[in-house]
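This is what each chain is made of:
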Amino acid sequence: MNTDPIADYLTRIRNGIMAGHDAVVIPASKMKDRLSAILKQEGYIHGYKAVEHEGRNYLIVNLKYVKNGESVIHGLKRVSTPGLRVYAGAKEIPEVQGGLGIAILTTPKGLLTGKDARKQNLGGEVLAHVW
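Residues numbered from 1 in each chain as written. Predicted model: local features only at pLDDT ≥ 70, side-chain atom pairs only at ≥ 80, totals over all residues. Heavy atoms only, no water.

Undergrad: Lay out the layout of surface pockets with the relevant residues and their values.
TA: Here the largest pocket is characterised by a volume of approximately 150 Å³. Lining of the largest pocket is provided by 13 residues; of these, Gly-101, Ile-102, Gly-114, Lys-115 and Arg-118 occupy positions nearest its centre. Of all elements in the fold, only strand S6 (102-107) and helix H3 (114-119) reach the threshold of two or more residues within the lining of the largest pocket. For the lining of the largest pocket, the element with the most residues is H3, which contributes three residues. Partitioning the lining of the largest pocket into residue classes produces five nonpolar, four polar and four charged. (1 Å grid on protein atoms, 1.4 Å probe; cavity = no way out; pocket = protein on both sides within 12 Å on 5 of 7 lines; lining within 4 Å. Points joined across faces, edges and corners; volume = space filled by probe spheres on them. Helix = DSSP H or I, 4+ residues; strand = E, 2+ residues; numbered from the N terminus. Nonpolar A, V, L, I, M, F, W, Y, C, P; charged D, E, K, R; others polar.)

Dropping the structure here:
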């Protein structure tokens, strides 16, 4: 049993990047599927697909590298944890790395990037920073 599946998701991606893997396999959930969709939309990963193996669902996340082998993702940080929730109003959504990264939030309209949440004037729980 995993007490923080979002931190596990981010750690698996971080470990895959450090090991130079092309893809990582992650146990699937709706939130992880939406996180993967945001990372693809923002250009941090090539793509992802859902697969089933022995009755369990998994996501295969294809990592993205530039020509010299350096990862597009330079950092992943879990902000809000089960023990310490971090919330931000629409006007207090943090900028990540001076605007070079993204904040991912849970809002009443689902998972959104900080930029999209600001545009829609929505606040929520700050899940993670990606840069």
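After presenting the structure, the write-up continues.
Undergrad: Talk me through the environment of Val-86; I want residue IDs and the actual numbers.
TA: Position of Val-86 relative to the elements: it lies in the loop between strand S4 (76-78) and strand S5 (87-88). Given the relative accessible area of 26%, Val-86 is considered partly exposed. Linking Val-86 and Leu-112, residues 26 residues apart in sequence, is a C-alpha distance of 15 Å. Among residues more than four places away in sequence, those in contact with Val-86 are Val-79, Ser-80, Gly-124, Glu-125 and Val-126. (Buried < 20%, exposed > 50% of the residue type's maximum accessible area, 1.4 Å probe, protein only. Contact = heavy atoms within 4.5 Å.)

Undergrad: Can you lay out the pairing of strand S3 (residues 56-63) for me, pointing to particular residues and giving the numbers?
TA: Bridge count between strand S1 (residues 23-27) and S3: five bridges; the pairing is antiparallel. Bridge pairing in S3 places Ala-23 opposite Asn-62. Sheet analysis places strand S2 (residues 45-53) next to S3, joined by eight bridges and oriented antiparallel. Note that in S3 the partner of Lys-49 across the bridge is Ile-60. Counting the residues that bridge the hairpin from S2 to S3 gives two residues, and of these Glu-54 lies at a positive phi of roughly 50 degrees. (Pairing = 2+ DSSP bridges.)

Undergrad: Give me the sheet that holds S2: which residues, what numbers.
TA: Spatial strand order, S1-S3-S2: three strands in an open sheet with antiparallel pairing. Each edge of the sheet is formed by a strand with only one pairing partner; in this case those strands are S1 and S2. The average angle at which neighbouring strand axes cross in this sheet is 25 degrees, direction not considered. Strands S1 and S3 of the sheet are contacted by helix H1 (residues 5-19), whose axis makes an angle of about 160 degrees with S1. Lying over the sheet, helix H2 (residues 30-41) contacts S1, S2 and S3, oriented at roughly 155 degrees with respect to S2. (Axes fitted to C-alpha atoms, helices over the stretch in contact; angles between N-to-C directions.)

Undergrad: Run through H2, naming residues and quoting values.
TA: Under the 1.5 Å per step criterion, the end-to-end length of H2 is 16 Å for twelve residues, consistent within 8% with the ideal 16 Å. Within the sequence span of H2, burial applies to Lys-32, Leu-35, Ser-36, Ala-37, Ile-38 and Leu-39. One or two residues past the end of H2 sits Gly-43, with phi positive at roughly 85 degrees. (Expected span 1.5 Å × (residues − 1).)

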